[in-house]
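# Close look at the chain arrangement
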Amino acid sequence: MAAVGSDVESLPRGAFRCRLCHVTTANRPSLDAHLGGRKHRHLVELRAARKAQGLRSVFVSGFPRDVDSTQLSEYFQAFGPVASVVMDKDKGVFAIVEMGDVGSREAVLSQPQHSLGGQRLRVRPREQKEFQKPASKSPKGAAPDSHQLATALAEAPDVGAQMAKLVGLRELSQAERQLRSLVVALIQEVFTEFFPGCVVHPFGSSINSFDVHDCDLDLFLDLGDLEEPPPVPKAPESPSLDSALASPLDPQALACTPASSSDSQPPASPQDSEALDFEIPSSSVAPQTPDSALASETLASPQSLPPASPLQEDRGEGELGKALELAEAPKGEKTEQGAMLELVGSILRGCVPGVYRVQTVPSARRPVVKFCHRPSGLHGDVSLSNRLALHNSRFLSLCSELDERVRPLVYTLRCWAQGRGLTGSGPLLNNYALTLLVIYFLQTRDPPVLPTVSQLTQKAGEGEQVVVDGWDCSFPRDASRLEPSANKEPLSSLLAQFFSCVSCWDLRGSLLSLREGQALPVAGGLPSNRWEGLRLGPMNLQDPFDLSHNVAANVTSRVAGRLQNCCRAAASYCRSLQYQHRSSRGRDWGLLPLLQPSSPSALLSATPIPFPPAPFTQLTAALAQVLREALGCQLEQGTKRLRPEGGGTGDPPREGSRKRLKIDRQKNSPEDGEQEPQGCAGAPSGEGLEEMVTEVGEATQDWALQSPGQPAAPPLPTAKLLAPGEEQPGHAGPQAAEEGAQVETKKGASLSPVSWRCALWHRVWQGRRRARRCLQQQATAGTAGGAGTGVAWLATEARVTQELRALGSAEQRPEAEPLLTFVVSASQADQALTVTPLQDSQGLFPDLHHFLQVFLPQALRSLLK
């Protein structure tokens, strides 16, 4: 456990991330199980071996080009045993010589001069680089890492080319698609033996044109009009899975073979999983957020499934008979569907070669049987009652065929949302919902890029009329029969418009309908009685066919607010020259800043903290009072205002002055041939776009989008910070702040956000409950009488802060550097506030933010009593 501190990163909500294995666990027991597992221990041993090799190795250059590794080995054997010599394959100008022990290496380095073949050798210690996890050897492909992605996208000539290249990097290869088809054919052959006439349909990412490396294999087992399962047939003998996959074009070779006990068990080692020289690669994990940690989204791998007992793995035909008896039980409750799931699981476990980790999930919205297929490295699920999903997948595929811009836009936004921690399980958006959101956006362009579902239904042919579970799923299957879109906007413009539009949509008060291609108000109730089961929430996005299904019903208000905040920041970046033009200085440009994963602090800064119901002027006055007096923050007040009419669009100021920004805007004016991104219906146009006015050190909204080579926060101002109890010049406390806000309201800027730059010198959020309890126990009866008033509450919290400051043995002086600086921004339009870190050298901001999420709403309610 000595390496836990460097290998393990603490995440919000008690989650942990192993930096070595790129694995996230939901709690401490799961972390301990991972650290003791075979995968982690193997990488720890490999890292130690690589480090030992580096300590025994030297870097050699300057030798003649005709010198080979044998000559180098003979030369350095004079100093001790030589373990290996690795030559530069491309140019042969350097070599890595690994000595047998550290003493031999020291003897080499102690020699003042080396020469070989009449030339002087340059010998120095080998550079110790950070250990990198070995890449997968699997032919099924893997998603590119951040370095490969940045290198590939930086070479593209424009943003549209970057988006097209991103599709090529993330989509399945032809070999991967063929491998999936083989697995489907194998499962089809097996189930036909038990259910003659059944059809196994793949759906989801495998066929909807938005596939990515390592995506699940989703299957729908269509039993047709089968009323009761037939008797158990004897499993015919057939070639092994290896020989079946060796002849991919011969489905007759894919017959059912009873799985042996070794096939039913998970591989004991990585070598055991290479029956076809395949190796299951570990999937990349998106940055964790408070919401994804709460949802316990850990591993999308076979190891994340609960282990099956030996009894479950060795049931064989006896289990099939029992499952068939259950399936033939009298109909009535949900036992029939549960028995059928058990039967499907038994067939997968007992007759499909290479399948293991079979698990039935009857409690899901659509009950499924999960499984893993060892030779191909795939994991997926089989459902029995998900015919609608099959038509949904075909609809998405049709949309991608109708316009070539759909796929690059969806791939880009999925990658962006993953880096912002917006997609996943639990309260986060799933990929299907995000894809529908993009399609809805394209339906609302002027002119539209994609037709509405109603328009597609009207153009469906005679053989394309389909009704599933009472819902009309009719649409043309051939995209060539439909007229192409008259919209010719470039991809870069559509991406910028998406961010701008989503940031201003009313996600809670409207229903985004793909069937109608417009937002339907929900304030007066549901627009149709047929949508009785539709569950409304903070984000309402209607399924294109099942109109009673809100595909974003699981999204919480925090996630919906963070989505719009992230879109607002991205829209601000897309107005900059850095997005529109390739950098001549080698800086990240175009998509690269958008696709860089956000840090946990950046994700938290986009998470809004809701206000309690109260007038906005009272809330801002009380908020300043809580920050200054209750928590001991030193404050400076800044503002955000709408850009005056006629202002240009440009990149918010980062390092330069507003003069530089003005020059950039002039260079990017329409007179130079630049096309400004168009707005959306209901979105602010050029004169209504929000401008960030940095006053007294306020942070810009797109600070998280900056390149690694740029500072992550604006420079700290030189203005004097207010100590607790001091007043800002021109402000006479909370009352004056409220009066100032009222004056601002009279000027017509009531929706302008108000912000404060805060500095903390002490960890006043740690041990606060214990300190408050001690003070309450010491309180006299006279002081306890006013405990219910806001003034008494504020005095109590101020005393708690004083106690916490006094407990610190190494208390810093006021002139020292603050422990933490951050910006608190209050928005009247959103009725919420956001907290953004400026300076956090010790990584304390996540803990502070979690404290403020609970403390500030309660504090405002107490103070406004």
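Every chain is numbered independently, its residues counted from 1 as its sequence is written. In keeping with the predicted nature of the model, local features appear solely for residues at pLDDT of at least 70, side-chain atom pairs appear and are counted solely at 80 or more, and the whole-chain, interface and lining totals rest on all residues. Side-chain measures were taken over the full set of non-hydrogen atoms in the model, leaving aside hydrogen atoms and water.

### What about helix 29 (residues 790-807)?
Helix length check: helix 29, at 18 residues, gives a terminal C-alpha distance of 26 Å against a target of 26 Å (1.5 Å per residue), a fit within 8%. For each residue, the accessible area found with a 1.4 Å probe, counting protein chains only, is set against the maximum for its type, and the residue is called buried under 20%, exposed over 50%, and partly exposed in between. Numbering of helices and strands runs from the N terminus; a helix is a DSSP stretch of H or I covering at least four residues, while a strand is a stretch of E covering at least two. Every buried residue of helix 29 is listed here: Gly-790, Ala-792, Trp-793, Leu-794, Glu-797, Ala-798, Val-800, Thr-801 and Leu-804. Contacts are residue-level and defined by heavy atoms, with any inter-residue pair within 4.5 Å sufficient. Contacts made by the buried residues of helix 29 are with helix 24 (616-630), helix 27 (768-778) and helix 30 (845-863). Helix span, as expected, comes to 1.5 Å for every residue beyond the first.

### Concerning the sheet that holds strand 16 (residues 510-513)
Any two strands with at least two DSSP-identified bridges between them are counted as paired. Pairing is mixed in the open sheet, where 3 strands are placed in the order 17-16-18. Edge positions in the open sheet fall to strand 17 (518-521) and strand 18 (541-542), since each of these has one partner strand only. Where strand 16 lies against strand 18, 2 bridges are found, and the strand directions are parallel. Paired with Ser-513 across the two strands is Gln-542, which belongs to strand 18. Packed onto the sheet, helix 17 (residues 431-443) meets strand 16, strand 17 and strand 18 and runs at close to 85 degrees relative to strand 16. Here an axis means a line fitted to C-alpha atoms, over the contact stretch when the element is a helix, while the angle between two N-to-C directions is reported on a 0 to 180 degree scale.

### Brief notes about the sheet that holds strand 2 (residues 16-18)
An order of 1-2-3 is seen for the 3 strands of this open sheet, with the pairing classed as antiparallel. Of all strands in the sheet, those bounded by a partner on one side alone are strand 1 (8-10) and strand 3 (23-25). Within the sheet, the average angular offset between the axes of one strand and its neighbour, ignoring direction, is 25 degrees. The sheet contact formed by strand 1 and strand 2 spans 3 bridges and is antiparallel. Residue pairing for strand 2: Ser-10 is matched across the bridge by Phe-16. Here helix 2 (residues 28-35) sits on the sheet in contact with strand 1, strand 2 and strand 3, set at roughly 145 degrees to strand 3.

### Remarks on the pairing of strand 13 (residues 378-383)
Two faces, one strand: in a regular strand the side chains alternate between the faces of the sheet. Burial analysis of strand 13 places 6 of its 6 residues in the buried class, which makes it a mostly covered element. By the alternation rule, side chains of strand 13 split into Leu-378, Gly-380 and Val-382 and His-379, Asp-381 and Ser-383, which are all buried. With 4 bridges joining them, strand 10 (residues 217-222) and strand 13 adopt parallel strand pairing. If you follow Leu-219 over to strand 13, its bridge partner there is Val-382. Relative to strand 13, strand 12 (residues 368-373) is paired through 6 bridges, and the arrangement is antiparallel.

### Comments concerning unusual backbone geometry
Residue Pro-447 is reached from Asp-446 by a cis peptide bond, and omega for that bond is 0 degrees. Relative to the helices and strands, Pro-447 resides in the loop between helix 17 and helix 18 (453-458). At Asp-214, a position not held by glycine, the phi torsion is positive, near 70 degrees. Summarising the element assignment, Asp-214 is placed in the loop between strand 9 (199-203) and strand 10. Taking relative accessible area as the criterion, Asp-214 reaches 17% and is therefore assigned buried.

### Points about helix 2
Regarding helix 2, the residues found buried are Leu-31, His-34 and Leu-35. Along the axis of helix 2, the buried positions cluster into a sector of 95 degrees, meaning they face one direction only. Turned more than 90 degrees away from the buried face of helix 2 sit Pro-29 and Ala-33, all of them exposed. Summarising the geometry, the arc corresponds to the directions from the helix axis toward the C-beta atoms.

### Describing the side chain of Gln-162
Residue placement: Gln-162 occurs in helix 7 (residues 159-170). Assessed through its relative accessible area of 0%, Gln-162 is described here as buried. Any pair of N or O atoms that falls within 3.5 Å is considered a polar contact. Within protein, one atom must be able to donate a hydrogen and the other to accept it, and sequence-neighbouring residues count only if both atoms are side-chain atoms. Polar contacts involving the side chain of Gln-162 include one to the main-chain carbonyl oxygen of Leu-153, which spans 2.9 Å. In this view, Gln-162 contacts Leu-153, Ala-154, Ala-156, Trp-589, Gly-590 and Leu-591; residues no more than four positions away in its chain are not counted.

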